[in-house]
Amino acid sequence: MATTDDAKSVGIIGMGDMGIMYARRLSDAGWKVNACDIPEKYEALVEQFKDRPKVEIMPSGHYVSRASDYIIYSVEAKNIDAVVKLFGPSTKMGAIVGGQTSCKAPEIAAFEKHLPKDVNIVSCHSLHGPGVHPKGQPLVLIKHRATDEAFAFVERVLSCLESKVVHLTYQEHDRITADTQAVTHAAFLSMGTAWSANNQFPWESQRYVGGIENVKINITLRIYANKWHVYAGLAILNPAAQVQIKQYAESVTELYKLMLAGHKEELRERVHTARKAVFGGYEGKELLLRDELLDQFSLGVLPEKRLKNNHLSLLAIVDCWWKLGTVPYEHMICSTPLFRMWLGITEYLFRHEELLEEAIDTAIDDNTFRADDLEFTFAARDWSSRVSLGHFDGYREKFEKIQEYFAPRFPEATRLGNEMIKTILEKTKDE
Ligand SMILES: NC(=O)C1=CN([C@@H]2O[C@H](COP(=O)(O)OP(=O)(O)OC[C@H]3O[C@@H](n4cnc5c(N)ncnc54)[C@H](OP(=O)(O)O)[C@@H]3O)[C@@H](O)[C@H]2O)C=CC1
Ligand SMILES: O=C(O)C(=O)Cc1ccc(O)cc1
């Protein structure tokens, strides 16, 4: 903190999971924080923060905006325009405004439209959920309309997160996160949908325990334990995300058809072409994940012998990356923990020759996955069309129904998922 910073304060509008995490960490570092949520939550927040004098809970965003030197909007992406419209004109003269939403084009548009011209715009995005320690995780900073002095102030404030700062434009941010986040979520959302459609808790089935399967299960439950609007916002509001999710659904469908028709050579040819395009230049590199590590994090009892799976979800993501010309390793600077695990298990399958062959053989010769794969294919297509239609309600309805199905398992899955992420990330090289 520079000495001139003593009199300055940070505002947070939206005290949900991320807003609260920021308020705690910034105030721990000595910053005065002015914060608010919707009026109905005022009393509860005052109570929650009563032992933290550095955090002042205010009745609304007007109070926060007029009192603070740097204001962070940490609200639902779908509400950003309405909330900035409401409080933007109350922003203190010469202050800095930014947002935490996961898709930047609508956020920047709202700032340009509703903020006074003297206000600096510097946005941010912590690329991890509120339960992950920010140290070492990517933090995107977007200097959209700001003096060097204003930008340096934001850097000083957020340095207490100890994150790895990545400087991007908002367009670069949205392009990369479409690859790293939206399509990753689509895959896990589809797995959960398929399991629930088949009335399965996958860790209770011998077929889904151990290794790669543990990551699939733990990440799927982690996503469904979170809030629907986070995933809906970053998929629906990002046009690049719609394209990616659509390609993923197409890749799933086409590979599934090859499996159904028993076209083994065609399937092998396609899988290997995609493999070469995506992993060709990375053959010698150390793997992101190891199996012994993954076996530690199981919700079920590990079977004596690992059962085979055709891993349609993983074959399809590599097919999708190939079709879109995406090189996932190039996005590591901007990766979330989930993306690193997703790439980790995919790489694990594709760089173990015998495992990949086993997946191809299983895809053609083994009928036991047909029902699961059928539901998975439906699910990938349905998520894609809900995203493309752009209906938040349609997304929410589906998400919350499946969330309800898995809800009794969230406490255990979250505990295990946190441990898994912590252990794996400590061992995961990120560049
Ligand atoms: N959760 C995550 O993993 C991450 C989320 N993000 C992004 O950060 C943002 C916040 O996410 P998160 O904290 O998880 O979501 P939450 O739903 O927990 O928090 C958003 C908060 O903003 C409040 N809010 C809505 N309108 C107003 C208003 N007019 N004035 C004051 N407060 C308001 C909401 O109240 P109410 O619930 O009543 O609407 C809610 O409490 C989102 O845009 C998300 O995409 C970014 C990184 C990670
Ligand atoms: O790691 C993920 O993809 C998550 O699910 C957590 C998350 C959600 C939204 C963000 O904008 C950033 C991180």
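Here the structure is a predicted model, which means the values were calculated and not measured.

Engineer: Could you clarify how one ought to interpret the site of ligand 1 in this entry?
Structural biologist: The environment of ligand 1 is formed by 26 residues, the closest being Asp37, Val75, Glu76, Ser102 and Lys227. A distance of 2.7 Å is found between an oxygen atom of ligand 1 and a side-chain nitrogen or oxygen belonging to Glu76. Contact between ligand 1 and Ser102: an oxygen atom at 2.7 Å from a side-chain N or O atom of the residue. For ligand 1, the accessible surface in isolation is 880 Å², of which the surrounding protein chains cover 87%. Every element with two or more residues in the shell around ligand 1 is listed here: helix 1 (17-28), helix 4 (80-87), strand 6 (120-126) and helix 9 (228-236). A class-by-class count of the residues in the shell around ligand 1 yields 9 nonpolar, 12 polar and 5 charged.

Engineer: Sorry, what's going on with the pairing of strand 1 (residues 9-13) here?
Structural biologist: Burial of strand 1 is extensive: 5 of the 5 residues sit out of reach of the surface. What you see with strand 1 is no split at all: Ser9, Gly11 and Ile13 on one side and Val10 and Ile12 on the other are buried throughout. When strand 1 meets strand 2 (residues 32-36), the two strands line up parallel, connected through 5 bridges. Bridge pairing in strand 2 places Ile13 opposite Cys36. Once you follow strand 1 into helix 1 and on to strand 2, the crossover reads as right-handed. By the bridge criterion, 4 bridges tie strand 1 to strand 4 (residues 70-73) in an arrangement that is parallel. Bridged to Ile13 within strand 4 is Tyr73.

Engineer: What exactly am I supposed to notice about the domain arrangement of the chain here?
Structural biologist: A common way to state how big an interface is: give the accessible area lost once the parts meet. Its domain assignment divides the chain into domain 1 (3-168) and domain 2 (174-428). Roughly 1,500 Å² of surface becomes buried between domain 1 and domain 2 when both sides are summed, with 65% attributable to carbon and sulfur atoms. Seen at the junction of domain 1 and domain 2, the total is 1 salt bridge. Across the contact surface, domain 1 and domain 2 share 4 residue pairs in polar contact (both at pLDDT 80 or more). The set of elements that each furnish at least two residues to the side of domain 1 that touches domain 2 consists of helix 5 (104-114) and strand 7 (138-145). Considering each element in turn, the side of domain 1 that touches domain 2 owes the most residues, 3 residues, to helix 5. In terms of residue class, the side of domain 1 that touches domain 2 is built from 10 nonpolar, 4 polar and 4 charged.

About the thresholds
- All residue numbers refer to positions counted from 1 along the written sequence of the respective chain.
- Each chain gets a letter, beginning with A, and each ligand a number, beginning with 1, in the order they are written.
- Given that this is a predicted model, residues contribute local features only at a pLDDT of at least 70 and side-chain atom pairs are listed and counted only at 80 or more, while totals for whole chains, interfaces and linings are drawn from all residues.
- Here the side-chain values reflect all heavy atoms present in the structure, with hydrogen atoms and water set aside.
- If a single non-hydrogen atom of a residue is within 4 Å of a molecule or strand, that residue counts as near it.
- Nitrogen and oxygen atoms within 3.5 Å of one another constitute a polar contact, given that in protein one can donate a hydrogen and the other can accept it, and given that sequence-neighbouring residues count only through two side-chain atoms.
- To measure how exposed things are, a 1.4 Å probe is used in the Shrake-Rupley method; for residues, cover is taken only from the protein chains shown.
- Secondary structure elements follow DSSP: runs of H or I no shorter than four residues count as helices, runs of E no shorter than two count as strands, and numbering proceeds from the N terminus.
- Note that Gly is not counted as nonpolar here; it falls among the polar residues with everything else outside the nonpolar set of Ala, Val, Leu, Ile, Met, Phe, Trp, Tyr, Cys and Pro and the charged set of Asp, Glu, Lys and Arg.
- Between buried and exposed lies partly exposed: a residue is buried under 20% and exposed over 50% of the maximum accessible area for its type, with that area taken using a 1.4 Å probe on protein chains only.
- Strand pairing follows a simple DSSP-based rule, namely that at least 2 bridges must link the two strands.
- When the strands point away from the viewer, a crossover counts as right-handed if the path from the first strand over the helix to the second runs clockwise.
- A domain assignment, automatic or from a database, supplies the domain bounds used here.
- As a working definition, buried area equals the accessible area (1.4 Å probe) given up by two parts on being put together, with both sides summed.
- Whenever a carboxyl oxygen of Asp or Glu lies within 4 Å of a side-chain nitrogen of Lys or Arg, that contact is scored as a salt bridge.

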